[in-house]
Amino acid sequence: MEESFMRRAIALSCQGVEEGGGPFGAVVVRGGRIIGEGRNNVVPGRDPTQHAEIVAIRAACAALGTHDLTGAVIYTSCEPCPMCLSAIWWARIGEIVYANDRAGAAAIGFDDAAIYEEVARPLEARRLPLRRLLAEEAREAFRLWEAKPDKMPY
Ligand SMILES: [Zn+2]
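So, here's what we can say about the structure. Source: prediction; values computed, not measured. Residue positions within a chain follow its written sequence, with the count starting from 1. Local features in this predicted model are restricted to residues whose pLDDT is 70 or higher, and side-chain atom pairs enter the listing and the counts only when it is 80 or higher, whereas totals over whole chains, interfaces and linings include all residues. Side-chain descriptors were evaluated using all non-hydrogen atoms of the structure, hydrogens and water having been removed beforehand.

### Let's talk about the environment of Ala-9
As for its placement among the helices and strands, Ala-9 is situated in helix α1 (residues 2–18). In this structure Ala-9 touches Gly-25, Ala-26, Val-27, Tyr-75, Thr-76 and Ser-77, once residues within four positions along its chain are discounted. Numbering of helices and strands runs from the N terminus, with a helix taken as a DSSP run of H or I at least four residues long and a strand as a DSSP run of E at least two residues long. The contact definition used throughout considers only heavy atoms, calling two residues in contact when any of these lie within 4.5 Å.

### Considering the pattern of salt bridges
For this analysis, a salt bridge means a side-chain nitrogen from Lys or Arg found within 4 Å of a carboxyl oxygen belonging to Asp or Glu. The tally for this structure, following the rule as stated, stands at 10 salt bridges. Across the salt bridge formed by Glu-19 and Arg-39, the nearest N and O atoms sit 2.7 Å from each other. Of this pair, Glu-19 sits in the loop between α1 and β1 (25–30) while Arg-39 sits in strand β2 (residues 33–39), and the two are 20 residues apart along the sequence. For every residue, the accessible area obtained with a 1.4 Å probe (protein chains only) is divided by the maximum for its type, and the residue is called buried under 20%, exposed over 50%, and partly exposed between those limits. What makes Arg-39 partly exposed here is its relative accessible area of 27%. Across the pair Asp-112 and Arg-102 runs a salt bridge whose closest N-O atoms are separated by 3.5 Å. Linking Asp-112 in the loop between α4 (102–107) and α5 (113–120) with Arg-102 in helix α4, this pair joins segments that are 10 residues apart in sequence. By relative accessible area, Arg-102 is classed as partly exposed at 28%. Shared partners join several salt bridges into a network, and the residues in it are Glu-136, Arg-139, Glu-140 and Arg-143.

### Points about the sheet that holds strand β3 (residues 73–78)
Strands pair in a sheet through their backbones, by hydrogen bonds, and they do so in one of two ways: parallel or antiparallel. Two strands form a pair only when DSSP identifies at least two bridges running between them. Reading across the sheet, the 4 strands line up as β2-β1-β3-β4 and stay open at both edges, with mixed pairing between neighbours. Both edges of this open sheet fall to β2 and β4 (95–100), since each of them pairs with a single strand only. The mean angle between the axes of side-by-side strands here comes to 15°, regardless of whether they run parallel or antiparallel. Sheet analysis places β1 next to β3, joined by 4 bridges and oriented antiparallel. Of the residues in β3, the one forming a bridge with Val-29 is Val-73. Every axis in this analysis is a line fitted to C-alpha atoms, fitted for helices over the stretch in contact. Angles between the N-to-C directions lie between 0 and 180 degrees. Packing of helix α2 (residues 52–64) onto the sheet brings it into contact with β1, β2 and β3, and relative to β2 it is tilted by some 140°.

What follows is the structure in structure tokens.
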């Protein structure tokens, strides 16, 4: 059963290559069935965020009409990059099952180690510079959120 989910993710990863994307596929499973699937579509879709896991999460959320995938498992053909790991966290997916690992992906040119290292660095030591601007003005949205009686926390 579980192998069939991973085999689908692997099939999507191969399909991704055939269609001009990267070699990555993923499926989101809940209640014993696939509720969303995706393959890497960065280059064909001209969108750097279209990693397989994110495409699969978007499909699952659209299918279920929710932003919350609590109770779901993601089967991904490769260990997630930091962006996808974050999306999986935000979606509240409960478990990640992967096949290829980060080292294997790095060996064929998909190296995300620099991003993992970047996240662990203090802000002032980051390679990608961060500058703060208009912090006081930006706080207005936080005030509005805090005061909103019918907000939907997530
Ligand atoms: Zn990713």
